[in-house]
Amino acid sequence: MAANNNSLGKAKKAKKDEFYTQLPDIEKELRHYEHHFKDKVVLCNCDDPKVSNFFVYFVRNFKHLGLNRLITTCYKNNEPTLFSNNDSEQAVYLIYDGGDDNNPDPVKVSTTAVPLNGDGDFRSMECIELLKQADIVVTNPPFSLFREYVAQLIRYEKKFLIIGNQNNISYKEIFPLIQSNQIWLGYNSGQHEFEVPLDFEKDNTYIRNNGKKYAKFGNICWFTNLEHSKRHEEIDLYRTYNEEQYPRYVNYDAINVAKVQDIPYDYDGKMGVPITYMEKYCPEQFEIIGFSLSLANMDIIKRELGKVGGGPRFYIREKNGKLKRLFERLVIKKKQQ
């Protein structure tokens, strides 16, 4: 799994943003939000209507969801292919109002796409005007532009459901939004499969019988500000606190919890938990204090170790007296019931 996550990180840095979401993953997530879509205008602004599975989903379910309108746009592409060279200075868009067909064919509907004036960049004034018309944005935005993409959604006060990776949680631009309950994780997190270009070479890729290449990544999350039932389900806690199993950090006043399922029910102080806790976060049960990235007191560690490599992290002292650097930790505290 670590190799998969590393591949995704490298791809992001190289701005290889062509990860196309599979229809089953879209259907699996969207079924938990159907009640939000009645009479709404949906925008998929990173989706060529000729090839996008988000477009396919919303055309097929237009009447079932009771949508008002569907708008899709793409970036630097006017070819009927999934993986273009993104070398066209003019992209396309499509506005669909449901028509008279109760069983619409997404392929036929896609033929009504028309040219944009520009290249379809979500930051262009032309695309922002389309964004202003939307009630809910649903898409898989470019991983390399995730911060900027979310900032735009917040600026224009849009509801959204978008795909990102787990590392996005700790971004300095994203975490305050999570901490203040302006955004949260969607229903499903974990392994997702994406179609990728044939020249995408990573260990976690494979070609199916259909001749297409796919890649699986294990740290994928949906980010949203749409309410769903799982968000308010409290974790059942059954572990009891003891000092040996829950050591205190050397450079921050909190205990370490190695696994989410090991959170003690009888401890009211601050606890450091793995970032995967966010998949089970219930705002009524716990308060989010912060991340080790910003809370760790590295001066304490430097006084003992001298030069310290890597960014700020929490340390615990092992039985042999040596300091152990931990992975990123999220600090939480139980809310008083």
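Further up the page is the structure itself.
Criteria and thresholds
One numbering rule holds for all chains: residues counted from 1, following each sequence as written. Only residues with pLDDT of 70 or above have their local features reported here, since the model is predicted, and side-chain atom pairs are shown and tallied only from 80 upward, although totals for entire chains, interfaces and linings are computed over all residues. As a rule here, side-chain values come from all non-hydrogen atoms in the structure, and water together with hydrogens is ignored. Numbered from the N terminus, helices here are DSSP runs of H or I no shorter than four residues, and strands are runs of E no shorter than two. Categorising residues by exposure relies on relative accessible area from a 1.4 Å probe, with only protein chains included: less than 20% of the type maximum marks a residue as buried, more than 50% marks it as exposed, and the intermediate range marks it as partly exposed. Axis definition: a line fit to C-alpha positions, over the contact stretch in the case of helices; interaxial angles, taken between N-to-C directions, run 0 to 180 degrees. Note that the term roughly parallel is reserved for angles under 35 degrees, roughly antiparallel for angles over 145, roughly perpendicular for angles of 65 to 115, and oblique for everything else. Handedness of a helix crossing follows the sense of rotation of the near helix relative to the far helix, less than a right angle counterclockwise being left-handed and clockwise being right-handed. The contact rule is simple, with two residues in contact once any of their heavy atoms fall within 4.5 Å. Residue classes follow a fixed rule: Ala, Val, Leu, Ile, Met, Phe, Trp, Tyr, Cys and Pro count as nonpolar, while Asp, Glu, Lys and Arg count as charged, and any other residue, Gly among them, counts as polar. We call a set of buried residues a nonpolar core when its members are Ala, Val, Leu, Ile, Met, Phe, Trp, Tyr or Cys and they connect through side-chain atoms within 4.5 Å of each other. Salt bridges, as used here, are contacts in which a Lys or Arg side-chain nitrogen is within 4 Å of a carboxyl oxygen on Asp or Glu. The way it works is a 1 Å grid over only the protein atoms, where trapped points that fit a 1.4 Å probe form a cavity and open points with protein on both sides within 12 Å along at least five of seven lines form a pocket, and then any residue with an atom within 4 Å of a point lines it. Grid points are joined across faces, edges and corners, and a volume is the space filled by probe spheres set on the points. Following DSSP output, two strands are said to pair if at least two bridges run between them. For patches, a residue must show more than 30% relative accessible area and have no salt bridge; joins then use 9 Å for like charges and 5 Å for nonpolar side chains, namely Val, Leu, Ile, Met, Phe, Trp and Tyr. Residue exposure ignores everything except the shown protein chains as possible cover, and the areas themselves are Shrake-Rupley values with a 1.4 Å probe. The charge count includes Lys and Arg as positive and Asp and Glu as negative, but it does not include His or the ends of the chains. To locate a charge, take NZ of a lysine, CZ of an arginine, CG of an aspartate or CD of a glutamate. In protein, a polar contact means a hydrogen-donor-capable atom and an acceptor-capable atom, both N or O and within 3.5 Å, with residues adjacent in sequence counting only if both atoms are side-chain atoms; elsewhere, any N or O pair within 3.5 Å suffices.

Caption draft 1: Examining the overall build of the protein chain more closely. Each helix and strand counted, the protein chain has 10 helices and 16 strands in total. Looking at the 337 residues of the protein chain, the share that counts as buried comes to 50%.

Caption draft 2: Quick peek at the packing of helix α2 (residues 23–30) against helix α3 (residues 53–60). Interaxial distance between α2 and α3 falls to 9 Å at its minimum, and their mutual angle equals 50°. The orientation of α2 relative to α3 falls into the category oblique. Our pair here, α2 against α3, has a crossing hand that is right-handed. Two secondary-structure elements touch here, α2 through L23, I26, E27 and L30 and α3 through N53, F54, V56, Y57, F58 and R60. Class assignment of the residues belonging to the contact of α2 with α3 gives a composition of seven nonpolar, one polar and two charged.

Caption draft 3: Here's a closer look at the nonpolar core. Of all hydrophobic cores here, the largest spans 47 residues; its most connected members are I263, Y277, M278 and L330. For this core, the element with the highest residue contribution is helix α7 (residues 146–155), accounting for four residues. Ignoring any residue separated from it by four or fewer positions in sequence, one finds Y277 in contact with I235, V260, I263, C282, F286, L330 and I332. In terms of nonpolar packing, the next biggest core, distinct from the first, is built from 33 residues, L23, F55, V138 and F217 among them.

Caption draft 4: Representation of the pattern of salt bridges within the structure. As enumerated under the stated definition, the model contains 10 salt bridges in all. For R123, the salt bridge is made with D121, and the minimal N-O distance between the two is 2.8 Å. Overall, D121 belongs to the buried group, its relative accessible area being 14%. With a closest N to O distance of 2.5 Å, R248 and D253 form a salt bridge. Members of the salt-bridge network, linked through shared partners, are D121, R123 and E148.

Caption draft 5: How the structure looks around empty space enclosed by the protein. Tallying each qualifying case throughout the model produces one cavity of 30 Å³ or more. Taken as a whole, the largest cavity encloses approximately 80 Å³ of empty space. Of the residues belonging to the lining of the largest cavity, the class tally is four nonpolar, two polar and four charged.

Caption draft 6: View of the pairing of strand β8 (residues 184–196). Taking burial as the measure, the 13 residues of β8 include 10 buried ones, the bulk of the element. Bridge count between strand β1 (residues 20–21) and β8: two bridges; the pairing is antiparallel. Across the sheet, Y20 pairs through a bridge with E195, a residue of β8. Two strands pair when backbone bridges link them, and β8 and strand β10 (residues 213–224) are joined in this way by nine bridges, in the antiparallel orientation. If you follow L185 over to β10, its bridge partner there is F223.

Caption draft 7: Layout of the sheet that holds strand β13 (residues 286–291). Pairing in this open sheet of four strands is mixed, and the strands run β11-β12-β16-β13 from one edge to the other. Of all strands in the sheet, those with a lone pairing partner are β11 (255–256) and β13, marking the two edges.

Caption draft 8: Main features of a negative patch on the surface. Negative charge collects at one region of the surface, where D97, D100, D101 and D105 lie side by side. Within the secondary structure, D101 is located in the loop between β4 (92–96) and α5 (106–110). Given the relative accessible area of 42%, D101 is considered partly exposed.

Caption draft 9: Spatial organisation of the pairing of strand β2 (residues 41–44). Here β2 shows two buried faces, one formed by V41 and L43 and the other by V42 and C44. As defined by bridge partners, β2 adjoins strand β3 (residues 69–73) across four bridges and the pair is classed as parallel. When the bridges of β3 are listed, L43 appears paired with I71. Here two bridges tie β2 to strand β6 (residues 136–139), and the two strands are oriented parallel to one another. Within β6, the residue paired with L43 across the bridge is V137.

Caption draft 10: Summary view of the side chain of T224. Residue position: T224 is located in strand β10. Its relative accessible area of 0% is what places T224 among the buried residues. Within the structure, T224 has its side chain in polar contact with the backbone nitrogen of L226 (distance 2.9 Å). With residues near it in sequence (within four places) discarded, T224 still touches Y33, F160, L161, I183, W184, L185 and G186.

None of this, on its own, says anything about what the molecule does.
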